[in-house]
Amino acid sequence: MVRDWEAAFDPSAAARATVLRTAVVLDRDAAVLSRLTGPARLGAGGHLGTGEQWFSWIHAADWLRIARAALGLVPSAGEAAVELPDGVVNATSPQPVQNRELMAHIREFVGVPVGIPAPAGLLRAAAGVLRTNPDLALDSVRAVPGVLKDAGFEFRYPQLAAAFREMAA
């Protein structure tokens, strides 16, 4: 689906032709955070499926800075200017995590020390009730921001622990 969307992009209709492939954006007010923390608050914050699947993410503050750079906008005061090339840019943290680590951070965030794991079959069966696609939790995506690294972009929140600390503040 992503490749079809990117193929539909017409760079001739834009002043800049940078396409952002965005990971899950984490912010204390994001709906995805409440979807992740809700079950954990109830004790269901164990790993999903095998727990080995990769999860690519990015903190909202870093995503906004990347989007500004992609649009060619002047960075905020005290920020270094980054020029992104035309083409696809992975807007992801440089440190994706496995689901086990993600869920450990979520449990810490909500103050619940342990969580019951959810086997893949259970997630697939509950998908209709939860109105979600279980593949979002069970598929493995380990995207890294190579173009951003080459462009000299510096992340404020490269590690998931720091991102959760900021969201808890």
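Another aspect to go through is the packing of aromatic side chains. Scanning the entire structure with this criterion turns up 2 aromatic pairs. An angle of 80 degrees between the planes, with centres 4.8 Å apart, marks the rings of Phe153 and Phe155 as edge-to-face. By the burial criterion, Phe153 is buried, and Phe155 matches it. The side chain of Arg142 reaches across the aromatic face of Trp54, ending 4.5 Å from its centre.

Following the criterion strictly, the structure yields 5 salt bridges and no others. A salt bridge links Glu79 to Arg65, with the nearest nitrogen and oxygen atoms 2.6 Å apart. Taken together, the residues span a long stretch of sequence, with Glu79 in the loop between α3 (60-70) and β5 (87-91) and Arg65 in helix α3 at a distance of 14 residues. Judged by relative accessible area, Glu79 falls into the partly exposed class, the value being 22%. For Arg65, a relative accessible area of 16% puts it in the buried group.

Reading guide: rules and limits
Residues numbered from 1 in each chain as written. Predicted model: local features only at pLDDT ≥ 70, side-chain atom pairs only at ≥ 80, totals over all residues. Heavy atoms only, no water. Phe/Tyr/Trp six-rings, centres within 6.5 Å; stacked < 30°, edge-to-face > 60°. Buried < 20%, exposed > 50% of the residue type's maximum accessible area, 1.4 Å probe, protein only. Lys NZ or Arg CZ within 6 Å of the ring centre and 35° of its normal. Salt bridge = Lys/Arg side-chain N within 4 Å of Asp/Glu carboxyl O. Helix = DSSP H or I, 4+ residues; strand = E, 2+ residues; numbered from the N terminus.

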